[in-house]
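The residues making up each chain are set out below.
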Amino acid sequence: MSVSTTSPSQTLISDAQARSGASPPLPRGPILDWSSFQLVDAPGISSVEDLPHTAFTTSGRAAIYQALLQLQLPSGSTVLAPSYHCPTMIAPAILANLNVSYFGIRADGLPNLDAIDAATARQSKAMIVAHYFGLARSLAEVRRWCDERGIALIEDCAHCYFGEAGERPVGAWGDYSTASLSKFLPVPEGGLLASSHRSISNLRLSPQSLKAQLKGWADVFELATKYQRFSGFNKVLAFLFRLKNSRLRSAAITDAPPEPEPANMMRDCDMGRISHAPLSASMTLKAVLPRGRVILRRQRNFACYAKHLEGVRGARPLFPLGTASFSQMAPYVFPLWVDDADRLYHALRAMELPVFRWDRIWPGTPALNDDQGPLWSRHVLQLLCHQDLSEADVQRTAEAIRSLLSSEPALATPAPT
Ligand SMILES: Cc1ncc(COP(=O)(O)O)c(C=O)c1O
């Protein structure tokens, strides 16, 4: 699994593919399109960016790093993090010279607080809790637990830029909240540090060079061109980008030897720009793009997966549908529990469908009692819901899943109840 942000090179539609008429890969993140500017009426859903204190960063991981710096913890302090994670949630704590201690998660995705021993809780100064998949939940219990122990709560909203989390809007439970712009908007990179009640002291981010600024804009348009999203201009833009890439290609080819796993992990997390100010391309698009279409199309795509995967043998939605109000969310992915997950996942990746799973966990993450984390890392496939997938795209992914599931009997790995 790649953990760096989407870049045009990851999502090229090859000329060969176009010539052969094979289905092109589907985009793995939002893409700028004429329709990105459409004004669509959407229900009034809260957003992390509406919180009283905000500061923009280059990524969600940079926002976690900056949240930890705001807390001014002594070097070597313990930060609690979930066993079910993306490595970009852990790398910031390690870069901030902090010690990570892991907690397990329950079947509802919330921290298994009862299993955190008293000594670890006493040592801990901060806790990172994520709203997985964009299906935000109340953090009332977690907030109380942290308050009783003097632990700062970092609410990781990378998957839910929008939504209500029980009794509060998303982001309003944490002492600091963090979010990822590039998962929700067609921006080259971007993150957000926010707080409902703590002011954010100056992040002292260094401005990016003119070359980086221009590259940021070029990346947005190059990605859009690859997916032919600018009707009327695609051909001329494609010609210009081909010209640009033919000049760069020879310099881009490297033959680096593989590095050992922990170094690989930090390298893949691409933490190089955590102290940089966000690009003007990201900030401008954030300021001008309307949000209604983003919210409604994500809800529609989520519902579309639910419809097409209903009753399928060997897989089921991770959470029972209908228990939460999906009208108050803008999902990031549709989480699907799959019994025979390894076979299915590798086949879906080979088909370049917009599906991933968190199967790369930070080295040293322990096995914990009563923890769903390891099961989710293997069995939960995350099916992307972003607004620039059409209903036909979602249906194509769902049909591939159905067909793979029916092609061989599922190995019996019962889903936890
Ligand atoms: C839960 C969670 N937190 C934080 C991050 C980091 O966000 P970004 O990719 O914007 O750095 C990710 C990225 O996948 C994530 O899934």
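First things first, this report covers the structure right here in the doc. Because the structure is a prediction, the values reported are computed rather than measured. (Residues numbered from 1 in each chain as written. Predicted model: local features only at pLDDT ≥ 70, side-chain atom pairs only at ≥ 80, totals over all residues.)

The number of helices and strands found in the chain is 13 helices and 13 strands. The 417 residues of the chain split such that 45% are buried. For the chain, the share of sequence-separated contacts (at least 6 apart) that also reach a separation of at least 24 residues comes to 77%. (Helix = DSSP H or I, 4+ residues; strand = E, 2+ residues; numbered from the N terminus. Buried ≥ 20, exposed ≤ 12 C-beta atoms within 10 Å, placed from the backbone. Contact = placed C-beta atoms within 7 Å.)

Overall, antiparallel pairing links the four strands, which are arranged 10-11-13-12 in an open sheet. Whereas interior strands pair on both sides, the edge strands pair on one side only; in this sheet they are strand 10 (315-317) and strand 12 (355-356). The pairing of strand 10 with strand 11 (residues 333-338) spans three bridges and is antiparallel. By the bridge assignment for strand 11, Arg316 is matched with Trp337. Contacts from helix 10 (residues 292-309) reach strand 10, strand 11 and strand 13 (380-384) within the one sheet, and its direction differs from that of strand 11 by about 25 degrees. (Pairing = 2+ DSSP bridges. Axes fitted to C-alpha atoms, helices over the stretch in contact; angles between N-to-C directions.)

Counting buried residues along strand 2 (residues 78-82), five of its five residues qualify, which places the element largely inside the surrounding structure. Side chains of strand 2 alternate between two faces, with Thr78, Leu80 and Pro82 and Val79 and Ala81 buried alike. Both strand 2 and strand 3 (residues 99-103) contribute to a ladder of five bridges, which runs parallel. In the strand pairing of strand 3, Val79 is matched with Val100. As for the winding sense of the linkage, the β-α-β connection from strand 2 through helix 3 (residues 87-95) to strand 3 is right-handed. Pairing of strand 2 with strand 4 (residues 124-130) involves three bridges; the strand directions are parallel. In the strand pairing of strand 4, Leu80 is matched with Met127. (Right-handed = clockwise from strand over helix to strand, strands pointing away.)

Bringing the site of the ligand into the picture now. What surrounds the ligand is a group of 14 residues, the closest being Ser59, Gly60, Arg61, Ala158 and Ser180. Listed by contribution, the elements that provide at least two residues to the shell around the ligand are helix 2 (60-70) and helix 3. Each residue belonging to the shell around the ligand can be placed in one class, and the counts come to four nonpolar, eight polar and two charged. (Near = placed C-beta within 6 Å. Nonpolar A, V, L, I, M, F, W, Y, C, P; charged D, E, K, R; others polar.)

This part is about the nonpolar core. Judged by nonpolar contacts, the single largest core of 109 residues is most densely connected at Leu68, Met127, Ile128, Leu153, Ile154 and Leu336. Domain assignment of the residues forming this core places at least three in each of domain 1 (48-195) and domain 2 (292-407). With residues up to four places along the chain from it excluded, the contact list for Met127 reads Leu80, Cys146, Ile151, Leu153 and Ile154. (Core = buried A, V, L, I, M, F, W, Y, C linked by C-beta atoms within 7 Å. Domains from an automatic or database assignment.)

What follows concerns the packing of helix 11 (residues 341-350) against helix 13 (residues 391-407). One can describe the packing of helix 11 onto helix 13 by two numbers: an axis separation of 10 Å at closest approach and a directional angle of 135 degrees. Considering the angle they form, helix 11 stands oblique to helix 13. The two elements helix 11 and helix 13 cross, and the hand of that crossing is right-handed. Here Leu344, Ala347 and Leu348 of helix 11 lie close against helix 13, whose contacting residues are Ala400, Ile401, Leu404 and Leu405. (Parallel < 35°, antiparallel > 145°, perpendicular 65-115°, else oblique. Left-handed = near helix turned anticlockwise from the far one by under 90°.)

Turning to unusual backbone geometry, a few remarks are in order. Phi is positive for Arg204, which is not a glycine, with a value near 50 degrees. Assignment of secondary structure puts Arg204 in the loop between strand 9 (191-195) and helix 6 (210-226). Judged by local crowding, Arg204 falls into the exposed class, with 9 C-beta atoms found within 10 Å. We note that Asp370 has phi near 50 degrees; this positive angle belongs to a residue other than glycine. Mapped onto the secondary structure, Asp370 falls in the loop between strand 12 and helix 12 (373-379).

Because an α-helix packs 3.6 residues into every turn, residues spaced three or four apart end up facing the same way. Taking 1.5 Å as the rise per residue, helix 10 with 18 residues should run 26 Å; its terminal C-alpha atoms sit 26 Å apart, in good agreement. Buried within helix 10 are the following residues: Arg293, Val294, Ile295, Arg297, Arg298, Gln299, Asn301, Phe302, Cys304, Tyr305 and Leu309. Residues of helix 10 that are buried sit in contact with strand 10, strand 11, strand 13 and helix 13. (Expected span 1.5 Å × (residues − 1).)

Any link to function would need more than the numbers given here.
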